[in-house]
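Remarks on the overall topology
Here are the chains, one letter per residue:
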Amino acid sequence: MRIWHMTADAGREPLRVAPGQLVHLTIGTSPVGPGQSVTVTYDVVHASGGVERGFLSVPWHHNVGDASYWRATFGPFQRGDRVTYWVHGAWHDQRVDLPAAHFVVGPRIYVGLLWHQHQPSYVDLSRPPKGSIVQPWVRLNAVRAYYAMPALGQEVPGLHVTYNLTPALLRQLDLYVQQGATDRFLDLTLKAVNRLTPGERDAILDEFFDVDWHNQIFPFPRYLELFERRREQLPFSDQDIRDLKMWFNLAWFAPMFQQGVVDLPTGQQASVQRFVEKQGGFSEADVEEMVAEQVKIMAAIVPLYRRLQDDGQIEVSTSPYYHPILPLLYDTDTATIDRPGACLPPRFSHPEDVEVQVARAVEDYRQRFGRRPRGMWPSEGAVSRQIMPIIARHGFLWVATDQGVLERSGRWGYRADDPDVLAQPYQVRSDSHGLSLFFRSSTLSNLISFHYHAAFRDMDAAADDFVRRILHDVVDRLRGADDRILSLILDGENTFCAYGSRAPGFLRALYRRLTETPDVETVTFSEYLEGNPARQLAPHPTLEQEPIYELYTGSWVDEMGSEPGVDLGSWAGEPDENRAWGLLADARGALTSAGATPETHPDAFEALYMAEGSDWFWWLGTDHPSPRDTGFESVFRLHLANAYRLAGLQPPPELARPLVPWSLVWTLVQPSRELPPGEQLTVRSNCPGTVAYRVVPGDELHEAVLQPVIGPAGLASRYEATIGPFGPEVREVRVRFRCQEHLALEGAACVDPRERVLQIREQGAQIGG
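Now for a description of the structure that goes with this document. Remember, it's a predicted structure, so these values are computed and weren't measured experimentally.

Comments concerning the overall build of the protein
Scanning the protein from N- to C-terminus turns up 25 helices and 30 strands. Whereas a compact globule of 769 residues would reach a radius of gyration of roughly 27 Å, the protein reaches 30 Å, a difference of no more than 12%. With respect to the principal axes defined by its C-alpha atoms, the protein has extents near 110 × 65 × 60 Å. Looking at the protein as a whole, 59% of its 769 residues are labelled buried. Counting contacts in the protein only where the partners sit at least 6 residues apart, residues at least 24 apart contribute 72% of the total.

Written out as structure tokens, the structure is:
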């Protein structure tokens, strides 16, 4: 008789077994012959400690050539079951026993979801707290996203999420709550209407419609009425101005505050439902009460995150203190810049500032949360080989960056499109300090950030599509039985703002799908590394991970117009970005030459560290146009000027000159009537469309397409086109905005077919005559 062979090479499906899933075994025997039998015995050790044993008589399935194939199905099993099985075969007097095989029942993929919450420092150190915060975005996003996002997540049992909170953001919340700091928009809001100057009234009319029209104005009848009144250039009464101030602020509150009463972890309650229902006719007392609700919410943000972290439901990670691009602080000469025509900026190399920004982040975190941080999302996910030892020395367990960095690391790059390669942490070797490095799935993360809010009206359908993609694009492509973690890392407030009133519905639907799908389990990044016995989650120690070789210097973003692949070109390389680095280097050198140190002139260095933040450089250049480019670069120059003054030095005249060209902005609710000679005109809308314009003298009709831009508060539905400058012979420009998205909607507030006229102001003439 021929020797009989048996093999389980055809394998087990699935290799990773989820709770409730059946297990299919395919066993091959050779040669084909009558009287053969195959059996399976198995032991199941339950998480409770109980043991269950089983026996299967495996049926023959089919023959191929000289081989027979047998298929067995057993299960389903429960979460945490440890299954060992043996395959036995017999043919006449021949017996074959295959070695034991094992699997543990659990999710087929772990998901690490991180929401990044950040604002740069808008604090003017030369002023007392009142009026010291020059932009309102910390306050407005606080009542919209920073509280609501973890509050929504805590409603979902089994959901574990990581939130990255930047120290610069939290410090500004402190200033509002503890020191009574204000911003210009808040000062205008609180000032009684009968005390406003004509210029302040004009500022309110110009700027308090500067929100996402479709999500923050059109749903509210009174705000829409005021919008249409402004569009028609009708006069505003004192009551209109007061109602406008109120609605600009009310529109920023998260739906949970607009539609109900929220119990805060501080023991207080917060709600603006009564004001939303009132709609108009607000009093000065109403305005003050509304602002008091903002302060209560801001005061409750850190206590909410701390409580949820102490309860084990979330992890709070951090970033370098003022959110600088660490590789550029370390040495701009190491920057990866591959956009045609771009070049390195004047060299800025201060590793000591990297140390300060990281060390201060650790200490700030310890004071707020009563423990040291375990994880860091470096600003914009920017990493390099040079900065990793510094981060490791400060006791971090993990760092996260983008899959684009993984793709370009190593001698030949990594196959980051392979889920088995991407969905795992890698070890960064740094002296005696172990550091795990997670790589963000850019495709899946960007679906949430940039796609679903525009592509889906049904948020349940969007969540279903997302989980389907995880299973199809990641889980079903995994080839091994080892644990894998999919890293989803994205901006928090921008996402919340992009979804508008649908944000709570989307997040609830997404969280339900992630927690109810047996193949998926959400974890925090530290939890994945250290294990969690209560959830039957084994540890995945850093020293057991595959090392990353030749870590690439890059970030999460591939600069527009550059060669394919992530880089640092969003913050350096273009002329105005490089001028900014030159101004920063000059200020740093001036302080050193004057003998100033962080110990002798702490405020001067504080201003300098603020100017090192990434945001100022992001909005410079042509790669990331924004409605507020000029506002951001002016804050950058303010910080540098303060660094000089607080060191007892005179700021150089270059800091008085803008880094970006000035452009007059025209919108339906801010329709300027005069244009300075030689200046550009930027037409802006919340809708896609075109601007048709004619210049006089002349009859030729020109047309420009409004391009999408993303503002600092996540207002992704902004579109603008810049035209001009115009020749000296032009006396006026006639402009008409054509909305493409809502043209068919009769009475839509954003549709205005009228032609508007801007006079070219004569050289030396004063606005208003």
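Structural notes on the nonpolar core
Within the largest apolar cluster, 182 residues are counted, with the highest numbers of intra-cluster contacts made by I109, W115, Y147, Y223, F257 and M388. The biggest single contributor to this core is helix α11 (residues 284–310), with 11 residues. With near-sequence residues (within four places) excluded, Y147 lies in contact with A142, M256, F257, V262, D263, L264, P265, I297, A300, I301 and L304. By size, the runner-up hydrophobic cluster in this structure holds 24 residues, among which are V40, W70, V87 and V105.

Observations concerning the pairing of strand β15 (residues 314–317)
Judged by which residues are buried, β15 turns out to be covered on both faces: I314 and V316 on one side and E315 and S317 on the other are all buried. Sheet topology note: the strand β12 (residues 161–165)/β15 ladder contains 4 bridges and is parallel. If you follow N164 over to β15, its bridge partner there is S317.

Things to note about unusual backbone geometry
Note: most residues except glycine have negative phi, and most peptide bonds are trans. Residues G75 and P76 are joined by a peptide bond in cis, for which omega reads 0°. Note that P76 resides in the loop between β7 (67–74) and β8 (82–91). Backbone torsion omega between V696 and P697 reads 5°, so that peptide bond is classified as cis. Along the chain, P697 turns up in the loop between β25 (689–696) and β26 (702–705). A positive phi angle is found at H323, which is not glycine, with a value near 60°. Among the secondary structure elements, H323 is positioned in the loop between β15 and α12 (326–330). Residue Q536 is not a glycine yet carries a positive backbone phi of 55°. Along the chain, the position of Q536 falls in the loop between α21 (525–530) and α22 (575–593).

Some thoughts on helix α17 (residues 442–455)
Across its 14 residues, α17 extends 18 Å between first and last C-alpha, which sits within 8% of the 20 Å expected from 1.5 Å per residue. Approximately 45° is the largest bend angle found in α17, and it occurs at I448. By the burial criterion, the buried members of α17 are S442, L444, S445, L447, I448, S449, Y452 and H453.

Digging into the packing of helix α1 (residues 137–146) against helix α19 (residues 492–499)
Running from amino to carboxyl end, α1 crosses α19 at an angle of 75°, the nearest separation of the two axes being 10 Å. It follows from the interaxial angle that α1 and α19 lie roughly perpendicular. Note on element contacts: α19 touches α1 through E493, F496 and C497, opposite N141, R144, A145 and Y146. Counted by class, the contact of α1 with α19 contains 4 nonpolar, 1 polar and 2 charged residues.

Reading the values: the criteria
- Residues numbered from 1 in each chain as written.
- Predicted model: local features only at pLDDT ≥ 70, side-chain atom pairs only at ≥ 80, totals over all residues.
- Heavy atoms only, no water.
- Helix = DSSP H or I, 4+ residues; strand = E, 2+ residues; numbered from the N terminus.
- Rg over C-alpha atoms; globule rule 2.2 N^0.38 Å.
- Buried < 20%, exposed > 50% of the residue type's maximum accessible area, 1.4 Å probe, protein only.
- Contact = heavy atoms within 4.5 Å.
- Core = buried A, V, L, I, M, F, W, Y, C linked by side-chain atoms within 4.5 Å.
- Pairing = 2+ DSSP bridges.
- Expected span 1.5 Å × (residues − 1).
- Bend = angle between axes of the 7 residues up to and from the residue.
- Axes fitted to C-alpha atoms, helices over the stretch in contact; angles between N-to-C directions.
- Parallel < 35°, antiparallel > 145°, perpendicular 65-115°, else oblique.
- Nonpolar A, V, L, I, M, F, W, Y, C, P; charged D, E, K, R; others polar.

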